[in-house]
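Overview (structure and organization)
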Amino acid sequence: MNDTALESRLAADLPGLRGRLMPHAPLKDLTWFRVGGPAEVLYLPADEADLAYFLKELPAEIPVTVIGLGSNLLVRDGGIEGVVIRLGGKGFGETTIEEGSRLRAGAAVPDVKVARAAADAGIAGLSFYRGIPGCVGGALRMNGGAHGRETCEVLVEARAVDRLGKVHVVPVAEMHYGYRYCGAPEDFIFTEALFQGEPGDPQAILAEMDNIAAYREEVQPIKSRTGGSTFKNPPGHKAWQLIDAAGCRGLSVGDARVSEMHCNFLINEGNATGADLEALGETVRKRVRAQSGVELEWEIKRLGLPA
Ligand SMILES: Cc1cc2nc3c(=O)[nH]c(=O)nc-3n(C[C@H](O)[C@H](O)[C@H](O)COP(=O)(O)OP(=O)(O)OC[C@H]3O[C@@H](n4cnc5c(N)ncnc54)[C@H](O)[C@@H]3O)c2cc1C
């Protein structure tokens, strides 16, 4: 279907919709890599009820993709078919402090704000989020973690809307978490998380966050167009060491380059395409396989169609 046609059809068929529908919406600027084609339709829900209404009414044959802050995404150059959903600060951007050192956060809240709100409230245990540049929805799906802690260790429960528009409250045990893996149903769009911390001193937590930020700046190319760790660490190995040993540090395809600073990071040095970055990643996988026999698994999510 041509993209404007899908948007017009949805707008006509869903008169109660309060969120925004945008046909042929560029996704480049919504990802850290700054590459990729457009969404056939981008939908920005007004709030959870609007999202549930949309999913309930959306014809089953239309594919749905959800994105967060795009810090773990490689969107291919042909863009994404169907509807791409992005939760925004308006309906999903609140944090609230609850009794017993708990913090509730909407899925669009950036991880760094989770860390900051927790620090301000004297809640320790969430400062690792200072270093992860995604939002709560992405952290829930990726089991985001850093500095020895992961989302699965601090999550009490999440709220999610399924493809039929039904709202679920999912206890952490039912997220079936593993290393950068979440076994909750793939159609679940997370809307909120309840985190558990412990009482702490705000000044000490803020100091810990400053240390995390300083460390990141030293060891990761955080000011570049990157997608963070490209590959998961295989059991018993560090991905960056395997990549380095296979001679891939600094390797490039077009404007896509393996970071010299941290060789599990790929960088868009200017005009790289999604295809350049993916080809570079696949070359790295091939060289590592040949050199060490280890099969690297993409941690970055690759979405959409080739050009
Ligand atoms: C410089 C840099 C450093 C990084 N360091 C770390 C690190 O230390 N630790 C770490 O774990 N990660 C790290 N990352 C990767 C990334 O920040 C995390 O994976 C983050 O959790 C992704 O969140 P996001 O909002 O950007 O999600 P996106 O990248 O937009 O999406 C990631 C996945 O989550 C899904 N998703 C997003 N929102 C929702 C939702 N509401 N409901 C259901 N699914 C959703 C998407 O469909 C996709 O599959 C780093 C990335 C960069 C660029």
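Procedures and definitions
Residues numbered from 1 in each chain as written. Predicted model: local features only at pLDDT ≥ 70, side-chain atom pairs only at ≥ 80, totals over all residues. Near = placed C-beta within 6 Å. Helix = DSSP H or I, 4+ residues; strand = E, 2+ residues; numbered from the N terminus. Nonpolar A, V, L, I, M, F, W, Y, C, P; charged D, E, K, R; others polar. Buried ≥ 20, exposed ≤ 12 C-beta atoms within 10 Å, placed from the backbone. Contact = placed C-beta atoms within 7 Å. Domains from an automatic or database assignment. Axes fitted to C-alpha atoms, helices over the stretch in contact; angles between N-to-C directions. Parallel < 35°, antiparallel > 145°, perpendicular 65-115°, else oblique. Pairing = 2+ DSSP bridges.

1. Thoughts on the site of the ligand
Near the ligand lie 32 residues; those nearest to it are Gly68, Gly134, Gly137, Gly138 and Gly228. Broken down by element, the residue count for the shell around the ligand peaks at five residues, all from helix α5 (residues 136–142). Taken together, the residues of the shell around the ligand break down into 16 nonpolar, 14 polar and two charged.

2. Section: the environment of Ile205
Locating Ile205 in the fold gives a position in helix α7 (residues 202–219). Residue classification places Ile205 among the buried positions, given that 24 C-beta atoms sit within 10 Å. Apart from residues no more than four positions distant in its own chain, Ile205 is found in contact with Ala119, Ala124, Ser127 and Gly200.

3. Some details on the domain arrangement of the chain
Each domain of the chain was delimited in the assignment, giving domain 1 (3–90), domain 2 (94–208) and domain 3 (221–303). A C-alpha centroid distance of 23 Å is found between domain 1 and domain 2. Facing the 16 residues of domain 1 at the interface are 16 residues of domain 2. Among the elements of the structure, α2 (48–57) and β3 (64–67) are those that each provide at least two residues to the side of domain 1 that touches domain 2. At six residues, the largest contribution of residues to the side of domain 1 that touches domain 2 is made by α2. Classifying every residue of the side of domain 1 that touches domain 2 by side-chain character gives nine nonpolar, five polar and two charged.

4. A word on the packing of helix α4 (residues 111–120) against α7
One can describe the packing of α4 onto α7 by two numbers: an axis separation of 8 Å at closest approach and a directional angle of 155°. As judged from the angle between their axes, α4 and α7 are roughly antiparallel. Across the interface between the two elements, Ala115, Ala119 and Asp120 from α4 touch Pro202, Ile205, Leu206 and Met209 from α7. Looking at the contact of α4 with α7 residue by residue, the class counts come to six nonpolar, no polar and one charged.

5. Describing unusual backbone geometry
Positive phi, close to 50°, is recorded for His24, a residue that is not glycine. The exposure class of His24 is partly exposed, given the 16 C-beta atoms found within 10 Å. Even without a glycine there, the phi angle at His147 is positive, about 50°. Tracing the sequence through the fold places His147 in the loop between β9 (145–146) and β10 (149–150). According to the C-beta neighbour criterion, His147 is partly exposed, with 15 such atoms within 10 Å.

6. Here's the deal with α4
Along α4, the residues that are buried comprise Asp111, Val114, Ala115, Ala117, Ala118 and Ala119. Looking at the packing, one finds that the buried side of α4 touches β6 (95–98), β7 (102–106), β8 (123–124), α5 and α7. Just downstream of α4, Gly122 is the residue with a positive phi angle, here 70°.

7. Some remarks on the sheet that holds strand β16 (residues 252–253)
Pairing is antiparallel across the open sheet formed by four strands, whose spatial order is β15-β18-β17-β16. The open sheet terminates on both sides in strands that have one partner only, identified here as β15 (225–229) and β16. Strand direction decides the pairing type here: β16 and strand β17 (residues 256–258), joined by two bridges, are antiparallel. Its bridge partner lying in β17, Val253 is registered against Ala256.

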